[in-house]
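Chain and residue survey
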Amino acid sequence: MASVNPFNLSDSEEEAERRPNETVDTARSPSVGAPGPPPGNPFSPPADAEPPTLLLSSNRTSPSGGEGSVSIAAISAMAGATETRISVDGIAAQLLRDQYLLTALEFHTELLEAGRELPRLRDYFSNPGNFERQSGTPPAKDQVLGPGGPLNRAGSISTLDSLDFARYSDDGNRESDERVAVLEFELRKAKETIQALRANLTHAAESEVPSQERKNYKSSLEIQEPIRPLEKRALNFLVNEYLLKNEYKLSSITFSDENDDQDFELWDDVGLNIPKPPDLLQLYRNCGTPLPSPRDTVDVSVGVDFGDLPGNCIAQDPPKKPDLSHQQQTEVVQELEYQISLLNNEKQSLAEQIKKLQRCVCVCVCVKLSPAFQQALLSFCRMCSDSRLGAEVSRIADSEESVMLMLGRCLPHIVPNVLLAKREELIPLILCTACLHPEPKERDKLLHILFNLIKRPDDEQRQMILTGCVAFARHVGPTRVEAELLPQCWEQINHKYPERRLLVAESCGALAPYLPKEIRSSLVLSMLQQMLAEDKADMVREAVVKSLSIIMGYIDDPDKYSQGFELMLLSLGDPSERVVSAVHQVFIPAFAAWTTELGTLQTALIPSLLARIEKLLMQGEHVLDEYKLHVFLSALQSLIPPLFAVVLQNAPFTSRAKLTGDISAIEVTRFPRPASPLQDVATIIGSREMLSALLLLYDYQLEHEGTTGWDSLLWVVNQLLPQLIEIVGRINVTSSSCVHEFSRFFWRLCRTFGKIFTNTKVKPQFQEILRLSEENVDTSDGNDILTKATVPIYATGVLTCYNQDEDRKLLVGFLEDVMTTLSLSHAPLDSLKASFVELGANPVYHELLLTVLWYGVVHTSALVRCTAARMFELLVKGVNETLVAQRVVPALITLSSDPEISVRISTIPAFGTIMETVTQKELLERVKMQLASFLEDPQYQDQHSLHMEIIRTFGRVGPNAEPRFRDEFVLPHLHKLALANNSQTAESKRIDVATQLFEAYSALSCCFISEEVMVNHFLPGLRCLRADMEQLSPEHEVILSSMIKDPIHTITTSEMIYAKTKFLSKMGQLTTSGAMLANVFQRKK
């Protein structure tokens, strides 16, 4: 049989021969296999069948110390003696089996240089476990190692290629340094393994697309090969590099954010085991020239040329790539990526071990010392572990629980040393520690620190503490909130600083959702009730009211209704406006929402307030407590939005309301402006869309279908409105504040319930009571209701809700009818005056009121014209001067020439008011001329009523009128009237005029009057009046005498001062002249 060259095998033939032998190798003894990685390693090939012994000529020393030399002839003879061909892997296995490690290492190196990497040698030398030994001596030649059995780690050797003979000296044992060296080697080997795995990943990525498909892609210009993940990462790296080099920094940042899974600072992160390609500019410039592939170049070094061996034992052809399916390739890639991640974890673990050993090396002493000596030596280091802080510093926390314990011990000592302005920065630490600390006492101590953290916390600091308390409550649950947070609030309920009490009040509201319901409706409610009744700070009581509102939103005990009602009344009676405002904005809406849920809004809450108003009216028939009336009525007014929401939610059409896309928006003016979001009907209902849908059905129901079966609305129509109208009729019409309050209430009620409801339900009930008709003009029963407050409240609260033409016409007609009816029946005009005062406060209604008065000016009845003239007095004060000049004065001048003297007299108060309020000179001159005609015209000389009205008007407007008008017109005419009254023969008229003059002079005596007017008119008029009072009213005569003496004393004193000043000035002039004359003589000397 011809001899076979044992080296004449290619890699493919080796692999083909290796696979059939795997089954044979598994049955062999473990002592036969070559040493290598553990069997579980997927990258380590199985051991081959034992080949014949082969000896190669070498001049290196084997690990066993023996040397041998063989010739090529011996090799040929051995090859000729057997028919079995020896593979390269067999040679490597023999070398490893016989522990010719240096020879195997050189053989491995030469194979690498030739581009032939043998898996057996690669796996062996990359496994650190193959180099571990118990001692530094190598094993004997006859020592048999099992397959995968590791060598003992050498004490002084790590690997043959990482020897550092400078490490080893005779200075002593350096085991720690050796351990560091071994770990460094293992780390380096791990990095090499990572690089190898990345090479396999690159190889797999390149072979992912079959060659035939790649050709198809190249042949077609329209079809582009899909980008692979590794290619995408490489292109992303090049694009980012281009952006940075060309100053597109913002684009680079954005690009990096969009690819946050890639590190653009390290090319190795791409995952390909190839050098970084040129940048994009070079790729563009060289796009027509093929770039040399990095795989075309290899490192060259001196070694054995395998091509020169006999028989060309090793083929130079590159290994064939295995033809794997796409699924298999994917599995291989996934497996390689998994191995890379494992090695990365191992690398990090090894690095940590190296650092730990380095620290251990640092603290080791160089020589062997006794423990006592070592402790004594270290005592010279300046360390302090005896104090509290030193003990905390010396023991570092090694777990979450120990961190919490450490913070619990340290925070009480840290807080007092932090600036007050910055202590809120400690709130997160305190809360986190209090939340997670295992000891209840420490938690209580920390929460006590939290509530006492800042002496007087401001608004922002309180918000931070409250935010933290809420976070604490959400985390720990209701039980711990009750046991740990509430006691802190209770302790500070009577703190001396209002800011701290304010924190307690706000905490009760903020923690209400997280407390047990029993505690919420008992302890917390009692705390807030006590603070509301006893705390003296307005801001604290305001916070209490808001917290009570939150409690009402979460309370579910019906028995607490009466307590909530009393709290509402108590807070409404608070003297502070900010507290009352909080009640209307927050408390009443929240309380109304609760009563709505209980079903007692219409049956208990509103009837209770109405009953209190009626009781108040009954008790105050003579003197009404207007403040309490305001409190109750304002509460009713705040309940109008919840009442309307109840009507909508309990309507027959509520179930038909659906949210569709074509729902019209609600007009801005549909509802009065709410005082707070909680009074917004849309908020109460749930949304503006739902409210809009309900309003459409509401208007349609009222207009076409009526109120049958609508119990909530029928209660408003049949019970609420009649009771309110009855209450209105019992109010004193002269009380402008009460009229205003009820007017605003009805205005909000009508605007909230809508125009259809107002026209069909509210107006008819008022009109039925008022009964304005010609039949009732002469009957006292019919006119009695017109003198009540019902008239102004209906006019200003109901008829002014809507401002369209028909509404304005209705208001004008009502006022004209009232004015006519009251005038013809000689009834008091208080109700009409109250209507004019309330409407005149709004400039929108000035033209309307002037229209009503002009109707009275041209009326055929003198009584109506007199009423119109007196109403001008009320209107002049609020109307601008343009309207006064164009509408008021012409009407008054028309009335001043009326045939009836009573009508002319009725214009005097209005003329006087014009003199008091208007500043236009021309207008004042016209009024002055008209008043002068009343005083100087002989036809009015004996008109006692006219004189009385003029004196009364002068006394009212004189102090506020222009000084020139007062000095030149008022006081001279008062003097004339007083003088004329001395000769009055009718005693009754004389005393009437004297009494009215006394009132006028008393009012004018407070004004500044010039000396000339005082001497010529004021004092002579007082003397005339005193002459009348001596006979008619002696008690007034004493007062008049004192009024006369004071001006005389003032004038005498001023005259004496003037004379003295004049005398002194003359003396000063003489003295000055004498001095000047003396100076002249002195100069002559």
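Residues numbered from 1 in each chain as written. Predicted model: local features only at pLDDT ≥ 70, side-chain atom pairs only at ≥ 80, totals over all residues. Heavy atoms only, no water.

Time to look at the overall build of the protein. In terms of regular secondary structure, the protein is built from 46 helices and zero strands. Across the 1085 residues of the protein, 43% fall into the buried class. Of the contacts made within the protein by residues no fewer than 6 positions apart, 70% connect residues no fewer than 24 positions apart. (Helix = DSSP H or I, 4+ residues; strand = E, 2+ residues; numbered from the N terminus. Buried < 20%, exposed > 50% of the residue type's maximum accessible area, 1.4 Å probe, protein only. Contact = heavy atoms within 4.5 Å.)

The next point concerns the packing of helix α37 (residues 862-876) against helix α40 (residues 908-917). Two elements in contact, α37 and α40, have axes separated by 8 Å at closest approach and are oriented at 15°. As the angle between them shows, α37 and α40 are arranged roughly parallel. Considering only the axes of α37 and α40, their crossing is left-handed. Mapping the contact onto sequence places Ala 869, Arg 870, Phe 872, Glu 873 and Val 876 in α37 and Pro 909, Ala 910, Thr 913, Ile 914 and Thr 917 in α40. Its residues placed into classes, the contact of α37 with α40 shows six nonpolar, two polar and two charged. (Axes fitted to C-alpha atoms, helices over the stretch in contact; angles between N-to-C directions. Parallel < 35°, antiparallel > 145°, perpendicular 65-115°, else oblique. Left-handed = near helix turned anticlockwise from the far one by under 90°. Nonpolar A, V, L, I, M, F, W, Y, C, P; charged D, E, K, R; others polar.)

Another point: the pattern of salt bridges. Oppositely charged side chains may form a pair once their charged atoms are brought near each other. Throughout the structure, instances matching the rule amount to 29 salt bridges. The shortest N-O distance in the salt bridge between Glu 806 and Lys 755 comes to 3.3 Å. With Glu 806 in helix α34 (residues 805-824) and Lys 755 in helix α31 (residues 755-770), the pair connects residues that are 51 residues apart, well separated along the chain. Arg 964 is paired through a salt bridge with Glu 968; the nearest N and O atoms lie 3.4 Å apart. A residue pair is termed a helical-turn pair when its members lie 3 or 4 positions apart in one helix, as Arg 964 and Glu 968 do in helix α43 (residues 963-982) at four residues. Look at Arg 964 and you get exposed, because its relative accessible area is 54%. Taking the relative accessible area as the measure of exposure, Glu 968 reaches 46% and is therefore partly exposed. Residues joined in a network through salt bridges with shared partners are Lys 755, Lys 763, Glu 806 and Asp 807. (Salt bridge = Lys/Arg side-chain N within 4 Å of Asp/Glu carboxyl O.)

A cluster of nonpolar side chains, namely Phe 373, Leu 377 and Phe 380, defines an oily patch on the protein surface of about 380 Å² accessible area. Take Phe 380: it is sitting in the loop between α12 (371-378) and α13 (388-394). Looking at Phe 380, the relative accessible area reads 71%, which means it is exposed. (Patch = residues over 30% accessible without salt bridge, like charges linked within 9 Å, V, L, I, M, F, W, Y side chains within 5 Å. Areas by Shrake-Rupley, 256 points an atom, 1.4 Å probe, with all protein chains shown as cover.)

Okay, the side chain of Gln 492 next. The topology assignment puts Gln 492 in the loop between α18 (478-491) and α19 (498-511). Among the residues examined, Gln 492 registers a relative accessible area of 3% and is labelled buried. When neighbours within four sequence positions are excluded, Gln 492 is seen to be in contact with Phe 451, Asn 452, Arg 500, Arg 501 and Val 504.

Our focus in this paragraph is the packing of helix α15 (residues 427-436) against helix α17 (residues 459-476). α17 packs onto α15 with a crossing angle of 20° between their chain directions and a minimal axis gap of 10 Å. Considering their axes alone, α15 and α17 lie roughly parallel with respect to each other. Crossing geometry of α15 relative to α17 is assigned as right-handed. For the pair α15 and α17, the contacting residues are Ile 427, Leu 431, Ala 434, Cys 435 and Leu 436 in the first and Met 464, Ile 465, Gly 468, Cys 469, Phe 472, His 475 and Val 476 in the second. In terms of residue class, the contact of α15 with α17 is built from 10 nonpolar, two polar and no charged.

Once that is clear, we can look at the packing of aromatic side chains. Counted under the stated rule, the structure contains 21 aromatic pairs. Both rings, one in Phe 644 and one in Phe 753, keep their centres 5.1 Å apart while their planes meet at 70°; by these two values the pair is edge-to-face. With Phe 644 in helix α26 (residues 640-649) and Phe 753 in helix α30 (residues 736-753), this residue pair connects regions lying 109 residues apart in the sequence. In this structure, Arg 670 packs its charged tip against the face of Phe 671, placed 4.5 Å from the ring centre. (Phe/Tyr/Trp six-rings, centres within 6.5 Å; stacked < 30°, edge-to-face > 60°. Lys NZ or Arg CZ within 6 Å of the ring centre and 35° of its normal.)

Counting through the fold element by element, Arg 748 comes out in helix α30. There is no salt bridge for the buried Arg 748, and the closest opposite charge comes from Asp 680, which lies 9.6 Å off by N-O distance. When near neighbours in sequence (up to four residues on either side) are disregarded, Arg 748 contacts Gln 637, Ile 640, Pro 672, Arg 673 and Pro 674. (Lys, Arg positive; Asp, Glu negative; His and termini not counted.)

So, on to a negative patch on the surface. On the surface, a cluster of negative charge is made up of Asp 257, Glu 258, Asp 260 and Asp 261. Along the chain, Asp 261 falls in the loop between α9 (249-258) and α10 (280-285). On the accessibility criterion, Asp 261 (57% relative accessible area) is exposed. (Charge placed at Lys NZ, Arg CZ, Asp CG, Glu CD.)

Moving on: unusual backbone geometry. Look at Gln 99: it is not a glycine, yet its phi comes out positive at around 65°. Relative to the helices and strands, Gln 99 resides in the loop between α3 (88-97) and α4 (101-113). The phi dihedral of His 826 falls on the positive side, at around 55°, and the residue is not glycine.

With that settled, consider the environment of Thr 758. By the secondary structure assignment, Thr 758 is in helix α31. As for Thr 758 and Tyr 802, which are separated by 44 residues in sequence, their C-alpha atoms are 9.8 Å apart. Those residues in contact with Thr 758, other than ones at most four positions away along the chain, are Cys 750, Lys 763, Pro 764, Val 798 and Tyr 802. There is a polar contact of 3.3 Å between the side chain of Thr 758 and the backbone oxygen of Cys 750. A polar side-chain atom of Thr 758 sits 2.8 Å from the main-chain carbonyl oxygen of Gly 754. (Polar contact = N/O pair within 3.5 Å; in protein donor to acceptor, adjacent residues only side chain to side chain.)

In this model, the protein carries an average pLDDT of 77, and 72% of its residues clear a pLDDT of 70 or more. Across residues 291-322, confidence stays below pLDDT 50; counting only partners more than four residues off in sequence or on other chains, it has 43 contacts. Taken together, the stretch residues 1069-1085 has pLDDT below 50 and engages in zero contacts with residues farther than four places along the chain or on a different chain. (pLDDT = per-residue confidence, 0-100.)

A few words on the UniProt feature "repeat: HEAT" (unreviewed entry) in the protein. Taking the UniProt record as the reference, the feature "repeat: HEAT" (unreviewed entry) is found at residues 888-926. Overall, residues 888-926 shows 79% helix and 0% strand. The separation of its end C-alpha atoms is 12 Å. (UniProt positions renumbered as here; feature names shortened; annotations may be inferred.)

Moving on: the state of the cysteines. Tallied over the full model, the rule gives zero disulfides. You can see Cys 1007 has no disulfide; the closest cysteine sulfur is in Cys 1006, sitting 6.7 Å from it. (Disulfide = S-S within 2.5 Å.)

Moving on: helix α33 (residues 790-798). Taken across its nine residues, α33 has nine buried, putting it largely inside the fold. Residues Thr 790, Val 791, Pro 792, Ile 793, Tyr 794, Ala 795, Thr 796, Gly 797 and Val 798 constitute the buried set of α33. Turning to α33, the residues buried within the fold contact α29 (711-729), α30, α31, α34 and α35 (830-840).

Bringing α17 into the picture now. Over its 18 residues, α17 extends 26 Å from the first C-alpha to the last, a length consistent with the 26 Å expected when each residue adds 1.5 Å. Among the residues making up α17, those that are buried are Gln 461, Arg 462, Ile 465, Leu 466, Gly 468, Cys 469, Val 470, Phe 472, Ala 473 and Val 476. After α17 finishes, the residue Gly 477 shows a positive phi value of roughly 95°. (Expected span 1.5 Å × (residues − 1).)

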